[in-house]
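# Examination of the molecular architecture
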Amino acid sequence: MSDDIQVPDSMKDDRGSSLDEEAKATEHFVDDLAEAMGRIESGDVSKTIAFRDERTAALFQALKQNPERLQSTVETLRSELGSDKDSKGDRSELLRLLVRYSIQDVTPELAEAEKRARVQRVENDY
Amino acid sequence: MTIRAAVFLDKGGTGKTTTTAHLGRALTELGHEGILIDLAGKQSDLAKQFGLYEPQQKAIENDEDFPNLSSVFDDDFGKLVKMNGADAILDRLIYETNEGMDLIPAHPGLDSVDGELNNVEDREDRYGRLKAFVDEYLEGRYDFILIDLPGLSRIVPYNGVWAAENIIAPVEMGSYEFGQLKQLAEDIDKYRSNWDIDAELTMVIPNKFERGTTLADDYMNRYQEEFNGAMAPNPVAKSQDIRNATEAGKTIFELEEPSATASRAKEAYLANARELVDRIGGKR
Ligand SMILES: Nc1ncnc2c1ncn2[C@@H]1O[C@H](COP(=O)(O)OP(=O)(O)OP(=O)(O)O)[C@@H](O)[C@H]1O
Ligand SMILES: [Mg+2]
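Residues numbered from 1 in each chain as written. Chains lettered and ligands numbered in written order. Predicted model: local features only at pLDDT ≥ 70, side-chain atom pairs only at ≥ 80, totals over all residues. Heavy atoms only, no water.

### Looking at the site of ligand 1
Residues and elements named next belong to chain B.
- The full set close to ligand 1 counts 16 residues, and G13, K16, T17, T18 and S239 are the nearest of them.
- Measuring from an oxygen atom of ligand 1, one finds a side-chain N or O atom of T18 at 2.5 Å.
- Separating a nitrogen atom of ligand 1 from a side-chain N or O atom of N207 is a distance of 2.9 Å.
- Spatially, ligand 1 is embedded in the second largest pocket. (Near = heavy atom within 4 Å. Polar contact = N/O pair within 3.5 Å; in protein donor to acceptor, adjacent residues only side chain to side chain. 1 Å grid on protein atoms, 1.4 Å probe; cavity = no way out; pocket = protein on both sides within 12 Å on 5 of 7 lines; lining within 4 Å. Sits in = over half its atoms within 2 Å of the grid points.)

So, in structure tokens, the structure goes:
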């Protein structure tokens, strides 16, 4: 303890590194996320992501050949997520909705961090 | 008057920390007394640069790390000073390097400061906390203050910009970097108009410069054209000695037998330090 230093009450709980590690990590993540949003907005980072997986690729190939099934899957997800019909219901939208849905379902704290990062970007001057 | 500058570019690894340390040492060499402030995050790179990392980590382990740089951003920092007196507080905050300058090292607590300041409504208060501290406790006490910033646009680094107003940007010669620097110049214009502060791109220092390649010369010309008044008089050579010295916890000024590139880099830091004093000192 730095017992020779008198500490105002208000500073006692955030002394040194006593701040909850998890809260700090979250704060950091939200910052990084807001940061990434900025980079994507400015075009520094690509907004396209790709991944390699045979089974999903086959599934999407088949959905392409069966547009009605693609449409109905997209609609199910839209209503689950309460999202508007804002794009054409193609495979790209399906993938996007699937990812959003699983994030919300499996790791809601990730979805929460994303929301906070958005707020942070709006509130910041830049 | 204390000369203040923040070393900043919204990009990692361009030599910000190296520049802060070496310009600081060069200014010391020229007879100025100064202090470095490390806002660049928890790696505590400036403490490492001067072999102070271990003692600082020890202090953290032994719970003797209060107050620290993150305390400066606290609502009740003023109260803390009143209770203990400024000398006791500064004594805890400030480390002495063995190269003549003082240092306020980074602290893990800085990590959460951005999140906390995000909730501060008043703009002056949100971005002006470091400035308030510097104005009150460091101005006049030192001849110069150099602030090392992370390559990020966040509230804590903006506090560095508010406190220093003069911005030094180390850049490599390349087209991507050229774009980054132009972006920085635009950002600085925005700081001036949005925040009504006197922010200025005071010095652009070409870093890791490799002499004699036509490409480097081409870029140099382009930079000169675009950032005319801001260019540093001497580019800093790329030198393995800089890396080695940093690894060893010192600047190249401490090397007994510097290589040719390190000697050139040293001369460049000295010339740039002299020019910095002229530019900033001459402003008021
Ligand atoms: N002129 C130079 N010649 C050779 N190496 C250099 C030179 N300047 C910097 N370096 C090396 O480049 C690396 C990055 O430099 P430095 O840490 O100063 O960059 P930074 O901008 O502070 O990075 P960060 O954004 O991570 O804080 C370090 O290993 C450093 O030793
Ligand atoms: Mg750095």
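From this point, the discussion proceeds with the structure in view.
### Quick notes on the UniProt feature "domain: AAA" (unreviewed entry) in chain B
- Mapped onto the present numbering, the UniProt feature "domain: AAA" (unreviewed entry) falls at residues 6-194 of chain B.
- Secondary structure over residues 6-194 of chain B splits into 50% helix and 12% strand, and the C-alpha atoms at its two ends are 19 Å apart. (UniProt positions renumbered as here; feature names shortened; annotations may be inferred. Helix = DSSP H or I, 4+ residues; strand = E, 2+ residues; numbered from the N terminus.)

### So, the interface of chain A and chain B
- Contacts between chain A and chain B engage 26 residues on the former and 43 residues on the latter.
- Linking chain A with chain B are 4 salt bridges.
- In this structure, R154(B) and D32(A) form a salt bridge, with 2.7 Å as the shortest nitrogen-oxygen distance.
- For the pair chain A and chain B, the interface holds 5 residue pairs in polar contact (both at pLDDT 80 or more).
- If you list the elements that add at least two residues to the side of chain A that touches chain B, you get helix 1 (9-12), helix 2 (21-41) and helix 6 (108-123) of chain A.
- Ranked by residues supplied to the side of chain A that touches chain B, first place goes to helix 2 of chain A with 7 residues. (Contact = heavy atoms within 4.5 Å. Salt bridge = Lys/Arg side-chain N within 4 Å of Asp/Glu carboxyl O.)

### Thoughts on the layout of surface pockets
All names here are of chain A.
- For the largest pocket, the calculated volume is near 1300 Å³.
- Contributions of two or more residues to the lining of the largest pocket are made by helix 2, helix 3 (54-65), helix 5 (91-106) and helix 6.
- Residue classes in the lining of the largest pocket are distributed as 17 nonpolar, 5 polar and 8 charged.
- Of the voids in this model, the second largest pocket is the one considered here, and its volume is about 1000 Å³. (Points joined across faces, edges and corners; volume = space filled by probe spheres on them. Nonpolar A, V, L, I, M, F, W, Y, C, P; charged D, E, K, R; others polar.)

### Description of the pattern of salt bridges
- Applying the stated criterion across every chain, the model contains 23 salt bridges over all chains.
- E93(A) is the partner of R78(A) in a salt bridge, and the nearest nitrogen-oxygen pair spans 2.9 Å. Taken together, the positions of R78(A) in helix 4 (residues 67-81) and E93(A) in helix 5 put the pair 15 residues apart, joining distant regions of the chain.
- Within the structure, one salt-bridge network assembled from shared partners comprises R4(B), K131(B), D135(B) and E139(B).

### Here we look at the packing of aromatic side chains
All names here are of chain B.
- As enumerated under the stated definition, the model contains 13 aromatic pairs over all chains in all.
- A centroid spacing of 5.9 Å and a plane angle of 70° characterise the contact between Y127 and Y158, whose relative ring orientation is edge-to-face. In this pair, Y127 is assigned in helix 7 (residues 123-127) and Y158 in helix 9 (residues 155-164), connecting sequence segments 31 residues apart. The pair formed by Y127 and Y158 is uniform in burial state, with each residue classed as buried.
- Members of the aromatic cluster, joined through ring pairs, are Y127, Y158, W162, Y191 and W195.
- Looking at K48, its charged tip hangs above the ring of Y53, at a distance of 4.9 Å from the centre.
- Positioned above the aromatic ring of F178, the side-chain terminus of R222 is 4.2 Å from the ring centre. (Phe/Tyr/Trp six-rings, centres within 6.5 Å; stacked < 30°, edge-to-face > 60°. Buried < 20%, exposed > 50% of the residue type's maximum accessible area, 1.4 Å probe, protein only. Lys NZ or Arg CZ within 6 Å of the ring centre and 35° of its normal.)

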